[in-house]
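Chain by chain, the residues:
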Amino acid sequence: MGKLLCDSASTITESPVALPWREPPPPPPPTAVATSSSSSSFVSLKNTAENTPVDEEEEAGEKYSWFTVSGLEEQQKRYLQKLYNKGVLWKCKNLEESMVFRLSHGGDVEADGNCLFTASVKAMGLELDMDSRELRRRTVKRFLEDFGSDGNGLDRVTIDSVIKHLYCPDLKTGWGIHVVQEIKLLARKEDRCSLDLAIKELVDLGLQREVAAESIYKERCIAVEDGQNWAKYMSISGSAEDEYDIITLQYTEEGLLSVDENFDGRAAAFGDDIAIESLATEFNREIFVVQSHGSDAMVDEDNCVFFLPHCPRSQIRGPPFFLFMKGTGWCGAGADHYEPLIAHTSPLVSPENAAVVL
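Worth saying up front: this structure is predicted, and the values here are computed from it rather than measured.

Draft legend 1. Here's a closer look at a nonpolar patch on the surface. On the surface, Val 179, Val 180 and Leu 257 cluster together into a nonpolar patch covering about 270 Å² of accessible area. Looking at the element boundaries, Val 180 is found in the loop between helix 6 (156–167) and strand 5 (181–188).

In structure tokens, the structure reads:
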């Protein structure tokens, strides 16, 4: 799960070829891109694709089909299949290179709050090198290193402001957009017993449990309102080894709605745009979040997919990787769950005929 801040309206550049769609024959699945965590060579990537025997591609037959992916409407499946058939053209300006990719679904991942990192591990092919928890740790470390140094593209004042807006918003505003707003707080695991005793003392004095909990947590817990505390928050994977537990206060315009005290400590920090940019920087690769919206988003079939780019704060040294979001409506912007997309190089697809230019 995650929060997206991008403007999706300007993220796709359509192919200059404006021909009527003709359904092509089922394409042979090409070779998946090598996705080592080290800097990749575009020459070797291209050679790998060009040297793939055609008969090996044909043997895979109809393995890659978006029509077998669950949770999608027919218009989404049709468009995603067309996107796979025609390919996506990616142009890297600083390397003056371009590549055509076909994107296939990389499978479901558990909706446990770690999906950004779990999906990224699969999309990059790093299952043998690290797990989602290690990738989360590296992402937070990259953020802290850049946040604490100069000349790295991170404006501390801006970052702090964005974080405060996301996780500790001013409850006097924002109600024209949101029905419910949340405040995220961090409680040390070792302090949970003392916090609970303090809440019970207020309850014994006549306060309702949620009102007492709100008062104690706001007074004694850490608010996620700046870069340093965001790093503490984003380090939380919902495991017993975490230093902190996440406390969530939910509000409506009328006042306190609920308090999620997360007694079992299993709540994980959802990946946001700040985390995605830091992840891109750690691997020197662009990350594209591919949102696919259904009929509840009130868009037609040809406009139901958006590519949201996240560029590294460093020079690009490898191919991009792609994450998938099944949109749940325009208001929510589909920001509810990440799944991996597997990028295959497509030497047999003409760049001029690509469905989308990135």
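Draft legend 2. A look at the sheet that holds strand 7 (residues 244–252). Spatially, the four strands line up as an open sheet ordered 6-5-7-8, and their pairing is antiparallel. The open sheet has two free edges, formed respectively by strand 6 (222–223) and strand 8 (255–260), since each of these has just one partner strand. Taken together, the two bridges between strand 5 and strand 6 define a ladder with antiparallel strand orientation. When the bridges of strand 6 are listed, Leu 186 appears paired with Ile 222.

Draft legend 3. The nonpolar core, seen in detail. Trp 230, Met 234 and Tyr 338 are the most contacted members of the largest nonpolar core, which has 43 residues in total. Here this core gathers at least three residues from each of two domains, domain 1 (68–152 + 269–357) and domain 2 (154–267). Sequence-distant contacts of Met 234, defined by excluding residues within four places in its chain, comprise Phe 117, Arg 136, Val 140, Tyr 167, Ala 269, Phe 270, Gly 271, Asp 272 and Ala 275. In this structure, Met 99, Phe 307, Ala 343 and Ala 355 belong to the second largest nonpolar core, which totals 27 residues.

Draft legend 4. Representation of empty space enclosed by the protein within the structure. Under the counting rule described, the total for this entry stands at one cavity of 30 Å³ or more. Approximately 40 Å³ is the volume attributed to the largest cavity. By residue number, the principal contributor to the lining of the largest cavity is helix 3 (residues 74–86), which donates three residues. Here the lining of the largest cavity is composed, by residue class, of seven nonpolar, no polar and no charged.

Draft legend 5. Structural context of unusual backbone geometry. In this structure, Asn 262 takes a positive phi of about 50 degrees despite not being glycine. Along the polypeptide, Asn 262 turns up in the loop between strand 8 and strand 9 (271–272). Look at Asn 262 and you get buried, because its relative accessible area is 7%. Even without glycine at this site, Asn 284 takes up a positive phi of about 55 degrees. Within the fold, Asn 284 resides in the loop between helix 10 (273–283) and strand 10 (287–292).

Quick notes on the rules
- Residues numbered from 1 in each chain as written.
- Predicted model: local features only at pLDDT ≥ 70, side-chain atom pairs only at ≥ 80, totals over all residues.
- Heavy atoms only, no water.
- Patch = residues over 30% accessible without salt bridge, like charges linked within 9 Å, V, L, I, M, F, W, Y side chains within 5 Å.
- Areas by Shrake-Rupley, 256 points an atom, 1.4 Å probe, with all protein chains shown as cover.
- Salt bridge = Lys/Arg side-chain N within 4 Å of Asp/Glu carboxyl O.
- Helix = DSSP H or I, 4+ residues; strand = E, 2+ residues; numbered from the N terminus.
- Pairing = 2+ DSSP bridges.
- Core = buried A, V, L, I, M, F, W, Y, C linked by side-chain atoms within 4.5 Å.
- Buried < 20%, exposed > 50% of the residue type's maximum accessible area, 1.4 Å probe, protein only.
- Domains from an automatic or database assignment.
- Contact = heavy atoms within 4.5 Å.
- 1 Å grid on protein atoms, 1.4 Å probe; cavity = no way out; pocket = protein on both sides within 12 Å on 5 of 7 lines; lining within 4 Å.
- Points joined across faces, edges and corners; volume = space filled by probe spheres on them.
- Nonpolar A, V, L, I, M, F, W, Y, C, P; charged D, E, K, R; others polar.

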